Amino acid sequence: MSTKSGEDQTFYETVFEVTLESIGDPNDSSIQMLAFPSDMERYGATGALVKMEHVIAGGGGTLVYFACDDCANEAAKVKAASGSIQRPKMDIGEYGFICLVVDSEGNMIGLHSMA
């Protein structure tokens, strides 16, 4: 996910109540990355916000879903974090529930929960 300013960092830290850690690319100092917390002992993927030349923040890319206990809880924090709700919590049958939100830089993300 591309980011152009610290607004995205604040958005994700606020919505998910985490602290992103600045990491660098040892092969390219022009790439800036902020890593989500991870636990190598637990199942699941982690990721990072990345700022790099020629990559513009905004919609139209891959849609990433974040696992939540109840996606309505994270969605409730989106507006206060300078984002917007694209689609409120909706039932997807046996697969649980999702919300689609837009972060502070125009990137759409999904929130998924079983409750």
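Please refer to the structure placed before this passage.
Everything numeric here is computed off the predicted structure, so don't read it as measured data.

Concerning the overall build of the protein chain
Moving on, step 1. When helices and strands are counted, the protein chain shows 2 helices and 7 strands.
Moving on, step 2. For the protein chain, the α and β elements follow one another from N to C terminus as α-β-β-β-β-α-β-β-β.
Moving on, step 3. For the protein chain, whose C-alpha radius of gyration is 14 Å, the value lies close to the compact-globule estimate of 13 Å for 115 residues.
Moving on, step 4. Along the longest, intermediate and shortest principal axes, the C-alpha atoms of the protein chain span 45 × 35 × 25 Å.

A closer look at helix 2 (residues 71–78)
Moving on, step 1. Along helix 2, the residues that are buried comprise C71, E74, A75 and V78. Viewed end-on, helix 2 has its buried residues packed into an arc of 100 degrees, placing them on one side of the element.

Section: the packing of aromatic side chains
Moving on, step 1. For the structure shown, the criterion picks out 6 aromatic pairs.
Moving on, step 2. Measuring from centroid to centroid gives 5.9 Å for Y12 and F66, while their planes differ by 40 degrees, and the two rings are tilted. Pair noted here: Y12 is in helix 1 (residues 6–16) and F66 is in strand 4 (residues 64–67), with a separation of 54 residues, a long-range link. Take Y12 and F66: they sit in the same class, and that class is buried.
Moving on, step 3. Measuring from ring centre to ring centre gives 5.6 Å for F36 and F66, while their planes differ by 50 degrees; the resulting arrangement is tilted. Pair noted here: F36 is in the loop between strand 2 (32–35) and strand 3 (48–51) and F66 is in strand 4, with a separation of 30 residues, a long-range link. The pair formed by F36 and F66 is uniform in burial state, with each residue classed as buried.
Moving on, step 4. Of the aromatic side chains, those joined through ring pairs into one cluster are F11, Y12, F16, F36 and F66.

Thoughts on the nonpolar core
Moving on, step 1. Counting residues in each nonpolar core, the largest one holds 18 residues, and the members touching the most others are F11, Y12, F16, F66, I109 and L111.
Moving on, step 2. Among the secondary structure elements, those contributing two or more residues to this core are helix 1, helix 2, strand 6 (97–102) and strand 7 (108–113).
Moving on, step 3. For F16, the contacting residues outside a window of four places in its chain are F66, C68, E74, I109 and L111.

Considerations on the pattern of salt bridges
Moving on, step 1. Scanning all chains against the criterion turns up 2 salt bridges.
Moving on, step 2. When the shortest N-O distance is used, the salt bridge between K89 and D70 registers 2.9 Å. Of this pair, K89 sits in strand 5 (residues 84–91) while D70 sits in the loop between strand 4 and helix 2; the two residues are 19 residues apart in sequence, bridging distant segments of the chain.
Moving on, step 3. What makes D70 partly exposed here is its relative accessible area of 22%.

Digging into the pairing of strand 6
Moving on, step 1. Of all the 6 residues making up strand 6, 5 are buried; the element is thus mostly covered by neighbouring parts of the structure.
Moving on, step 2. Relative to strand 6, strand 5 is paired through 5 bridges, and the arrangement is antiparallel. Pairing of D91 across the sheet is with F97, part of strand 6.
Moving on, step 3. Counting the residues in the hairpin turn of strand 5 and strand 6 gives 5 residues, including G93, whose phi is positive at 70 degrees.
Moving on, step 4. Bridge analysis of strand 6 against strand 7 gives 6 bridges, and the strand direction is antiparallel. The partner of I98 across the bridge, within strand 7, is H112.

What counts, and where the lines are drawn
- Residues numbered from 1 in each chain as written.
- Predicted model: local features only at pLDDT ≥ 70, side-chain atom pairs only at ≥ 80, totals over all residues.
- Heavy atoms only, no water.
- Helix = DSSP H or I, 4+ residues; strand = E, 2+ residues; numbered from the N terminus.
- Rg over C-alpha atoms; globule rule 2.2 N^0.38 Å.
- Buried < 20%, exposed > 50% of the residue type's maximum accessible area, 1.4 Å probe, protein only.
- Arc of directions from axis to C-beta.
- Phe/Tyr/Trp six-rings, centres within 6.5 Å; stacked < 30°, edge-to-face > 60°.
- Core = buried A, V, L, I, M, F, W, Y, C linked by side-chain atoms within 4.5 Å.
- Contact = heavy atoms within 4.5 Å.
- Salt bridge = Lys/Arg side-chain N within 4 Å of Asp/Glu carboxyl O.
- Pairing = 2+ DSSP bridges.

So far we have only geometry, and geometry alone does not tell us how the molecule works.
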